[in-house]
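Residue-level listing of the chains:
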Amino acid sequence: MQTTTIKSDTSKLQNAQRMTGSEAIVRSLIAEGVEVIYGYPGGAIMPVYDALYHFQDELHHVLTRHEQGATHAAQGYARISGKVGVALATSGPGATNLITGIADAQIDSTPLVCITGQVPSGLLGSDAFQETDIVGISTPVTKWNHQVTKASEIPQVIAKAFYIARSGRPGPVLIDITKDAQFDTLDFVYQKCTGIRSYTPEPQLNLACVKSAAALINQAKKPLVVWGQGVILSGAEEVFRSVIETAGLPAAWTILGASAIETSHPLNVGMVGMHGNYAPNVLTNECDVLIAIGMRFDDRVTGHLETYAKQAKVIHFEIDPAEINKNVTADIAVLGDAKKTLEALLPLLTQNTHESWRGRFAALHEIEYDQIIQRDLFPTKEGLTMGEVIHKINVYSKGEAAIVTDVGQHQMIACRYAHFNQTKSNITSGGLGTMGFALPAAIGAKMGAPEREVVAVIGDGGYQMTIQELGTIFQTQAAVKIVLLNNNFLGMVRQWQQLFFDKRYASTELINPDFGMIASAYHLPTKKVAQRADLDGAIAEMMAHDGPYFMEVVVEPEANVFPMIPSGASVSDIRLS
C-alpha cells in the first residue's frame, strides 16, 4: 500500500520526555493498550528487552521457543480478543523465522504488529552478522512495513503501524528498527494515529448499491448466503443474525466464518468448500441469488470457477475493493464494513421464510447424515474416529470452548463437527494452511481470553512442527487442553495419495515418538486413549482439569474425510465416498 504523512499534532512536544529509542518502543506499545507480547531475544533487539525489564508490571512478555511460535501465538491472541497481536524478534534468522506467521496473518486478515531488531544503520547493506533485508523479504506478505533508522521516528511509526494493522481489512505490519535507533535518544511524545493521507481503509457506503441488493434478495426464490470472517472482524454477528432471520435466508460459512452464529441455528446450513457439507455445496449451483458476506471466494470454496454458481445473481458485501470481481464476478458489489452495510440492508428487507427452498437443504443433509455423519460421530467399527472425539469434546464443553486447529484431516473434521455457541470460537489457519499453527496459537488464544476453555486439536504431523512450544506452556502454565489425534500419517496427503495416486504412500507415514513421555518431560498431565471405552472418561478428566493437559487419541490410520470436492472439480461434483 502507498502511504504518506500521518495526521498528527506536533504541538504537544513541550510535554515530551527524553528517553532512549528502546524505551520509546515499550512506552509506545503501552500507549496502544498492548498487554502481552510474544517474542525471542537476540543481539539486535537486546536494547528493547532491557527496556522491557523495567516495565514488567505494565507489559507482559511471553518467551516462546521459536519466533514462528511467537507470530502464531500473537495470531491466536488477536483472533480471540479482537485486539492487535504483537511479536518481537531479533535480526537475521530471528526476523526470517517470523515470515510464516506473518504470511498466515496476511491471508487470514489477522492484525499483527511485528517488531524486529536490525544491525546498526552504518552496517546496512554490508552483509553484517545476522543482517537480512527483512523489509524486502516481508513486503509481499505484509499490509505495510517500514525500517526505522532514527530514534525520533519510533513513536510516529509505531502509531501508524497499529492504525494500519487494525483498520479496514486487518493485517500484519512489520517494523524493522536498527540497533543504533534503539540506543539513541529522542524527545518522546505519543499520539495515536487516526488517519493517513491517501489510505482509505473503509470505502464509503453507497446506499444505492444497498437498495439494489435488498431488491434482489427480496425477489429471490432460492437465496443462499455464504459468510466469511468479515462478519466476525466487523463485529456484525447480531445484525447478520437479524438479516438472515428477517429474510429467511439459509446461510453457509467458510472455515474462518464459523461461529459467527451458533452451530444449531436453524438457518445455519453448514460449511462450504472442499470438505464442507453436502447441501450448501450442491445447492450453490442451484440458488438464484448468492449473497457473499465478508468472504473472498477462495478456490477451496468455489472449486472450478467456470462452473461456480453460473445460474445465480451474485451480491458481494466486502470491505476490500481488491476482492470484488477478483475470482467471481459480482452483479452487485456493496463495499464497506460488514456491520455498517448490513445495518443499512436490514430495514429494506421483506419478511420471508423460504420454507420449500430450505427443505432442499434439510433433505440433502439427511443424505449426508446417513452416509457420512452418523458413521463419523457414532461409529460401529472398532477403531476410534476423529469425529467421535470432537463429538465428546462437544458434550463436555457444551459448545462454549474455543477450538484451535492445525491443518489437515483433523482440521476439517473439527470444523465440520465442533459446536460453537459464541463468536470467535474457531481459530485455525485458513488461507495459508500452516502446519504447526495450533499449539502456539492456542497459547495466545488462552491468554487473549483467559476466562474461556481453549482446546487445541492437532494432528501428529503438525504437532511436531512446533512441539517445542510445550516449553512455553510449561513456563507460563497457560491452561490449554491439547488433543492429539494420532493416525501415524500425514493424513490429508495420504488421503489424496489413496484416492488419486493409487495408494502410493510416498513420505506420508510417520514413525512417531512417545508423545506422552515428551509431554511428561514438560510436567504436563497426560493421558493416552486407544479404546472407545476409555474415551468418555478421559475427555471428562481433561476438561475438568484446572490447568494445561495433554491427551493423545489413537485414531484409525487410513480413515478419510468426506464429503470431498476433488481438486479442480465443480462444487456440485462433491463426493460422499
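Counting restarts for each chain, with residues numbered from 1 along the sequence as it is written. For this predicted model, a pLDDT threshold of at least 70 governs which residues receive local features, and a threshold of 80 or more governs which side-chain atom pairs are given and counted, while totals over whole chains, interfaces and linings are taken from all residues. Water and hydrogen atoms play no part in the side-chain values, which are based on all heavy atoms of the structure.

*Asks:* Would you explain the side chain of Gln411 in this entry?
*Replies:* Looking at where Gln411 falls in the secondary structure, it is placed in helix α17 (residues 409-417). Here, residues are in contact when the closest pair of their heavy atoms is within 4.5 Å. Among all residues touching Gln411, those that are not within four sequence positions of it are Ile255, Thr405, Asp406, Thr428 and Ser429. We count a stretch as a helix when DSSP gives it H or I for four or more residues in a row; a strand needs E for two or more, and each element gets its number in order from the N terminus.

*Asks:* So what exactly am I meant to see when it comes to the packing of aromatic side chains here?
*Replies:* In this description, a pair of aromatic rings is defined by centroid distance and the angle of the planes. The rule is short: rings of Phe, Tyr and Trp, with Trp giving its six-membered ring, pair when the centres are within 6.5 Å, and they are stacked under 30 degrees, edge-to-face over 60, tilted in between. Taken as a whole and assessed by the stated rule, the structure comprises 10 aromatic pairs. For the pair Tyr463 and Phe550, a centre-to-centre distance of 5.8 Å together with 25 degrees between the ring planes defines the contact as stacked. In this pair, Tyr463 is assigned in helix α19 (residues 460-463) and Phe550 in strand β20 (residues 549-554), connecting sequence segments 87 residues apart. In this scheme, a residue with accessible area under 20% of its type's maximum is buried, one over 50% is exposed, and one in between is partly exposed, where area comes from a 1.4 Å probe on protein chains only. Using a relative accessible area of 1% as the deciding quantity, one classes Tyr463 as buried. Here a set of aromatic residues connected by ring pairs shows up, and it is made of Tyr463, Phe515 and Phe550. The rule for a charge over a ring is simple: NZ of Lys or CZ of Arg within 6 Å of the ring centre, and within 35 degrees of the ring normal. In this structure, Arg494 is placed above the aromatic ring of Phe489, and the distance from its NZ or CZ to the ring centre is 5.8 Å.

*Asks:* What am I meant to see in the pattern of salt bridges here?
*Replies:* Between side chains of opposite charge, a pair can form when the charged atoms approach closely. Any carboxyl oxygen of Asp or Glu that lies within 4 Å of a side-chain nitrogen of Lys or Arg is treated as forming a salt bridge with it. Counted according to the given criterion, the structure contains 19 salt bridges. Lys481 serves as the salt-bridge partner of Glu453, at 2.9 Å between the closest nitrogen and oxygen. Highlighted residues: Glu453 in the loop between α18 (438-448) and β17 (454-459) and Lys481 in strand β18 (residues 480-486), separated in sequence by 28 residues. Exposure remark for Glu453: the relative accessible area of 24% places this residue in the partly exposed category. Exposure remark for Lys481: the relative accessible area of 1% places this residue in the buried category. Here Asp502 ties to Arg504 by a salt bridge, and the two come within 3.4 Å at their closest N and O atoms. The structure contains a network of salt bridges with shared partners spanning Arg169, Asp320, Glu323 and Lys326.

*Asks:* What exactly am I supposed to notice about the layout of surface pockets here?
*Replies:* In this approach a probe as big as a water molecule rolls over the atoms, and the regions it shows empty are the leftover space. Both cavities and pockets are sets of points on a 1 Å grid over the protein atoms alone; in a cavity a 1.4 Å probe fits but cannot get out, in a pocket the set is open with protein on both sides within 12 Å along at least five of seven lines, and lining residues sit with an atom within 4 Å of a point. Grid points are joined across faces, edges and corners, and a volume is the space filled by probe spheres set on the points. In this structure, the second largest pocket occupies an estimated 720 Å³ of space. What lines the second largest pocket is a set of 35 residues, and nearest its centre among them are Thr263, Asn268, Val269, Gly270 and His365. Of all the secondary-structure elements, those providing two or more residues to the lining of the second largest pocket are β11 (268-271), α12 (278-284), α15 (355-377), α16 (386-397) and α17. In terms of residue count, α15 provides more of the lining of the second largest pocket than any other element does, eight residues in total. Residue type decides the class: Asp, Glu, Lys and Arg count as charged, Ala, Val, Leu, Ile, Met, Phe, Trp, Tyr, Cys and Pro as nonpolar, and the leftover types, Gly among them, as polar. Classifying every residue of the lining of the second largest pocket gives 19 nonpolar, 12 polar and four charged.

*Asks:* Even after reading the chapter, I still don't get the packing of helix α1 (residues 21-31) against helix α2 (residues 46-53), so can you show me in this structure?
*Replies:* The convention used is that axes are lines fitted to C-alpha atoms, helices contributing only their stretch in contact, and that angles between N-to-C directions extend from 0 to 180 degrees. One way to put it is that α1 packs onto α2 with a least axis distance of 8 Å and a crossing angle of 60 degrees. What the angle tells us is that α1 and α2 run oblique. Of the two elements, α1 crosses α2, and the hand of that crossing is right-handed. Of α2, the residues touching α1 (which contributes Ser22, Glu23, Ile25 and Val26) are Pro47, Val48, Ala51 and Leu52. Taken together, the residues that form the contact of α1 with α2 break down as six nonpolar, one polar and one charged. Throughout this description, any angle smaller than 35 degrees is read as roughly parallel, any larger than 145 degrees as roughly antiparallel, any in the 65 to 115 degree range as roughly perpendicular, and the remainder as oblique. Here is the rule for handedness: rotate from the far helix to the near one, and if that takes an anticlockwise turn smaller than a right angle the crossing is left-handed, while a clockwise turn gives right-handed.

*Asks:* Mind showing me how you'd approach the nonpolar core here?
*Replies:* Side chains that are nonpolar tend, in soluble globular proteins, to be buried together. Only buried residues count toward a nonpolar core, which is a set of Ala, Val, Leu, Ile, Met, Phe, Trp, Tyr and Cys residues joined through side-chain atoms within 4.5 Å. Among the nonpolar cores identified, the biggest contains 101 residues, and Trp227, Phe240, Leu290, Ile315 and Val553 are the most heavily contacted of them. Among the domains, domain 2 (207-361) and domain 3 (386-554) are the pair contributing at least three residues each to this core. Residues contacting Phe240, with those up to four places away along its chain left out, are Val225, Trp227, Val231, Ala251, Ile261, Ile293 and Leu342. Counting 41 residues, the second-largest nonpolar core is a separate cluster that includes Ile45, Phe55, Ile115 and Val157. The split into domains, and so the bounds of each, comes from an automatic or database assignment of domains.

*Asks:* When you look at the domain arrangement of the chain in this model, what are you seeing that I'm missing?
*Replies:* Often, the extent of an interface is quoted as the loss of accessible area upon association of its parts. Splitting the chain by domain gives domain 1 (10-188), domain 2 (207-361) and domain 3 (386-554). Inter-centroid distance (C-alpha atoms) of domain 1 to domain 3 is 30 Å. If you look at the interface, domain 1 gives 23 residues, while domain 3 gives 28 residues. As a working definition, buried area equals the accessible area (1.4 Å probe) given up by two parts on being put together, with both sides summed. At the boundary of domain 1 with domain 3, total buried surface from both sides reaches about 1,900 Å², with 64% on carbon and sulfur atoms. Polar contact is the term for a pair of N or O atoms within 3.5 Å; when the atoms are in protein, one must be able to donate a hydrogen and the other to accept it, and sequence-neighboring residues count only if both atoms are side-chain atoms. Put simply, domain 1 and domain 3 have nine residue pairs in polar contact (both at pLDDT 80 or more) between them. Those elements that place two or more of their residues in the side of domain 1 that touches domain 3 are β2 (36-39), β3 (60-63), α3 (67-81) and α5 (99-107). The element contributing the most residues to the side of domain 1 that touches domain 3 is α3, with 10 residues. Taken together, the residues of the side of domain 1 that touches domain 3 sort by class into nine nonpolar, 10 polar and four charged.

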